[in-house]
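Commentary on secondary and tertiary structure
Here is what each chain is made of, one letter per residue.
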Amino acid sequence: MSPVEQIPAAGSEPMAAAPARPSRATLVNAALGLGLLAFGLGAWAMGEVFMVTLATKVAILAIAGAGLNLVLGYGGLVSFGHAAYFGLGGYTAGILAHHALNYTPLFEWPFLFEGTTSMPVIWLTAMVIGALAAAAIGALSLRTTGVYFIMITLAFGQMIFYFAISWPAYGGEDGLPIYVRNGFPGLDTLDPLHFFGLVWAVLMAVLGGIAMLARSRFGLALQAARQNRQRLMAVGIRPGGVLLTAFVISGAITALAGALYADLNRFVSPSMLSWHLSGELLVFLILGGTGRLFAPLAGAGLYIALEHLLGGVSDHWQFFFGLLLLAVVLFARGGVIGFLAGGKRHG
Amino acid sequence: MADPILEIRGLSKSFGALKATDDVTLDLRPGEIHALIGPNGAGKSTLIKQVTGEIAPDAGEVRLSGRSLAGIDAAGRARLGMARSFQVSSVAAEFTVMQNVVLAAQGASGVTFRFFRPVMRDEGLAGRARDCIAQAGLSGREAVPAAELAHGERRKLEIAMALALEPRVFLLDEPMAGMGSEGATALGDLLDRLRHRAPILLVEHDMDAVFRLSDRISVLVYGRVVATGTPDEIRGNAEVQRVYLGEEA
């Protein structure tokens, strides 16, 4: 087991030499990324529009999982409240589009703003809101560790969930429809293939960004914070600032996924904010292999595939899915990617 | 006599009724190894933690090169050149030797919030890390994950990380614990060279090593310094004989 495989994200080659051949992890990652693209294109070529939508859903959930992976897989923070950022991103898209489509101003001061249906603007707004929420929640939650951290992130998530339910202006419990999918310059986003391609490109950009972060000075400190905070202090780096920064970036990424998800369904509802979704994101990572760059894609892909396949056989598909999850936790702690690519992620 | 690099003055710390540190005053001069010995529970580790900033003293102060360290946390003190090793080896176990030492060099540089360039290809940090690894005697082991190192090698890794901090003082908490006599001798030789980089405050139970290496020894009993002197003075000190050496030897 070479250390390059052991910590693929941290650029372990000490002499900075480029590896002669791509590692197995790289090949598995490429297969996953290109496999999703091929699946979406193939489904479109065969006229299976529903399958294109399913592939789009996988890509979006993988982006949300990638946000969680940054704090959980690299930073070791078990956030059980990432639905908060996902939902906030979704509501950002929904609310901006709602005002634009109804020609009602969102606010009139300091300037008149009637919302927008432009995806780039919506994405940026969603990421800023996700980042701000994560900064506030992270600043308070990071005072705790372990089970307390899990519980306090869950509590914040539930707070936002109940707020959304009880706020009638944007649909409350019924949710908020987006009548026409928001637009992206140069694309027909209502065309399933265009939207899938756009989402796939965003997923690759996000994963590329996380790979870059993981190899940077910041990423080295973040991964050290997961392993040994006392040691990080002893070399002169305060873990708090590193972890909070990761939490903020993570919140922004997951909020971006939420905005895309709202556009996929053309509908936002409080279920995007529910703890079930926080749990699903955790499940993606456990399935895929926590801390592996492509774990969220592998996990989300497997989850959606099983939901589709098992769901067709039995209404109780989640029982069988639970058995699979149990098997992964007991026998394949590295998840799908650990199984395929070899090497242990966590000692 | 040269000015001391590290001064500990009137340091006191109580946990409830227990006086873990009782008015301790000692210093560390350039080029010396100053050993801190005492029976288990004498408060050696508690004293070290107050010096490193991990726990705050109730009274007294710690000065580094004449500067008071009051109000500076452990990370801040590390950046000022206070390099420590832990009683139980404390490294990032999943990282390679190289990654661990680069992390320390990065800490010393004070620049962590850089998000784009790969840190392992930063020749400034990598070069210094390789240097420190060589000085600690770990050359050739750069790519090995810390978890796979032998116990003695992990001790050397901690020394390499301490070196990468551009230390002004070393605080070494039982660096020889759990090492065979051969390993302890080799590590002793390494410490003997390191003292010229920065003086060493050494907590150690291996009395052979302490008496062979130290310029001065302070004996801590129930949180109090009962004697400070050269190894010969300590050997001949009646009270030390009674409370410490006599009991254990």
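- Under an unreviewed UniProt entry, chain B has the name Amino acid/amide ABC transporter ATP-binding protein 1, HAAT family and belongs to Limimaricola pyoseonensis.

- The name an unreviewed UniProt entry assigns to chain A is Amino acid/amide ABC transporter membrane protein 2, HAAT family, from the organism Limimaricola pyoseonensis.
- Here is the UniProt Subcellular location (unreviewed entry) comment for chain A, exactly as written: "Cell membrane".

**Observations concerning the overall build of chain A**
- For chain A, the count of helices and strands is 14 helices and 2 strands.
- Computed over its C-alpha atoms, the radius of gyration of chain A comes to 20 Å, within 12% of the 20 Å expected for a compact globule of 347 residues.
- Out of the 347 residues belonging to chain A, those deemed buried represent 53%.
- As displayed, chain A offers around 14,500 Å² of accessible surface, 70% of which is attributable to carbon and sulfur atoms.

**Considering the interface of chain B and chain A**
- Taken together, the contacts link 46 residues of chain B with 40 residues of chain A.
- Contact between chain B and chain A buries roughly 3,700 Å² in total, counting both sides, with carbon and sulfur atoms accounting for 60%.
- Counting every contact that joins chain B to chain A gives 4 salt bridges.
- Here chain B is connected to chain A by 19 residue pairs in polar contact (both at pLDDT 80 or more).
- Counting only elements with at least two residues in the side of chain B that touches chain A, the list comes to α2 (74–79), α3 (97–109), α4 (123–135) and α5 (151–164) of chain B.

**With respect to the pairing of strand β1 (residues 6–15) of chain B**
Residue and element names in this part refer to chain B.
- When you tally the buried positions in β1, you get 7 out of 10 residues, the bulk of the element.
- Alignment of β1 against strand β4 (residues 59–64), held across 5 bridges, turns out to be antiparallel. Within the sheet, the bridge partner assigned to Glu7 lies in β4 and is Arg63.
- Taken together, β1 and the strand that follows it, strand β2 (residues 18–28), pair antiparallel across an intervening segment of 2 residues, in which Gly16 is found at a positive phi of about 60°.

**Re the confidence of the model for chain B**
- The predicted model of chain B averages 92 in pLDDT, with 97% of residues at 70 or higher.
- Mean pLDDT in chain B bottoms out at helix α9 (residues 238–248) of chain B, which sits at 70, and peaks at α3(B), which reaches 97.

**Things to note about the environment of A:Ser271**
- For A:Ser271, the position within the fold is in the loop between β2 (267–268) and α11 (275–288).
- As for A:Ser271 and A:Gly87, which are separated by 184 residues in sequence, their C-alpha atoms are 8.0 Å apart.

**Considering the side chain of B:Thr21**
Residue and element names in this part refer to chain B.
- Mapped onto the secondary structure, Thr21 falls in strand β2.
- Here Gln50 takes part through its side chain, which lies 2.8 Å from a polar atom of the side chain of Thr21.
- What Thr21 contacts, discounting residues up to four positions off in sequence, is Leu11, Ser12, Lys13, Thr46, Leu47, Gln50 and Gly223.

**What about a nonpolar patch on the surface?**
- Where nonpolar side chains cluster on the molecular surface, the patch consists of A:Phe319, A:Phe320, A:Leu323, A:Leu326, A:Leu330 and A:Phe331 and spans about 710 Å² of accessible area.
- Mapped onto the secondary structure, A:Leu326 falls in helix α13 (residues 317–331).

**As for helix α8 (residues 217–227) of chain A**
- Of all 11 residues in α8(A), 10 are buried; the element is thus mostly enclosed.
- All buried positions along α8(A) are accounted for by A:Arg217, A:Phe218, A:Gly219, A:Leu220, A:Ala221, A:Leu222, A:Gln223, A:Ala224, A:Ala225 and A:Arg226.
- Next to the buried residues of α8(A) lie α3 (49–74), α7 (192–215), α9 (229–234) and α10 (239–265) of chain A together with α3 and α4 of chain B.
- Where α8(A) begins, one side-chain oxygen reaches toward the backbone nitrogen of A:Phe218, 3.2 Å away; that side chain belongs to A:Ser216.

**Describing the domain arrangement of chain B**
All names here are of chain B.
- As assigned here, chain B comprises domain 1 (1–81 + 168–249) and domain 2 (91–166).
- With centres defined by C-alpha atoms, the gap from domain 1 to domain 2 works out at 26 Å.
- The partner domain 2 presents 12 residues to the 16 residues of domain 1 that form the contact.
- Of all residues in domain 1, Arg79, Leu190 and Arg197 bury the most surface against domain 2, accounting for 34% of the area lost on that side.
- Linking domain 1 with domain 2 are 0 salt bridges.
- Counting every contact that joins domain 1 to domain 2 gives 4 residue pairs in polar contact (both at pLDDT 80 or more).
- When residues of the side of domain 1 that touches domain 2 are traced back to their parent elements, those giving at least two are α2, β7 (169–173) and α6 (181–194).
- Considering each element in turn, the side of domain 1 that touches domain 2 owes the most residues, 4 residues, to α6.
- Per-class residue counts for the side of domain 1 that touches domain 2 are 10 nonpolar, 2 polar and 4 charged.

Conventions adopted
Residues numbered from 1 in each chain as written. Chains lettered and ligands numbered in written order. Predicted model: local features only at pLDDT ≥ 70, side-chain atom pairs only at ≥ 80, totals over all residues. Heavy atoms only, no water. UniProt positions renumbered as here; feature names shortened; annotations may be inferred. Helix = DSSP H or I, 4+ residues; strand = E, 2+ residues; numbered from the N terminus. Rg over C-alpha atoms; globule rule 2.2 N^0.38 Å. Buried < 20%, exposed > 50% of the residue type's maximum accessible area, 1.4 Å probe, protein only. Areas by Shrake-Rupley, 256 points an atom, 1.4 Å probe, with all protein chains shown as cover. Contact = heavy atoms within 4.5 Å. Buried area = accessible area lost by both parts, 1.4 Å probe. Salt bridge = Lys/Arg side-chain N within 4 Å of Asp/Glu carboxyl O. Polar contact = N/O pair within 3.5 Å; in protein donor to acceptor, adjacent residues only side chain to side chain. Pairing = 2+ DSSP bridges. pLDDT = per-residue confidence, 0-100. Patch = residues over 30% accessible without salt bridge, like charges linked within 9 Å, V, L, I, M, F, W, Y side chains within 5 Å. Domains from an automatic or database assignment. Nonpolar A, V, L, I, M, F, W, Y, C, P; charged D, E, K, R; others polar.

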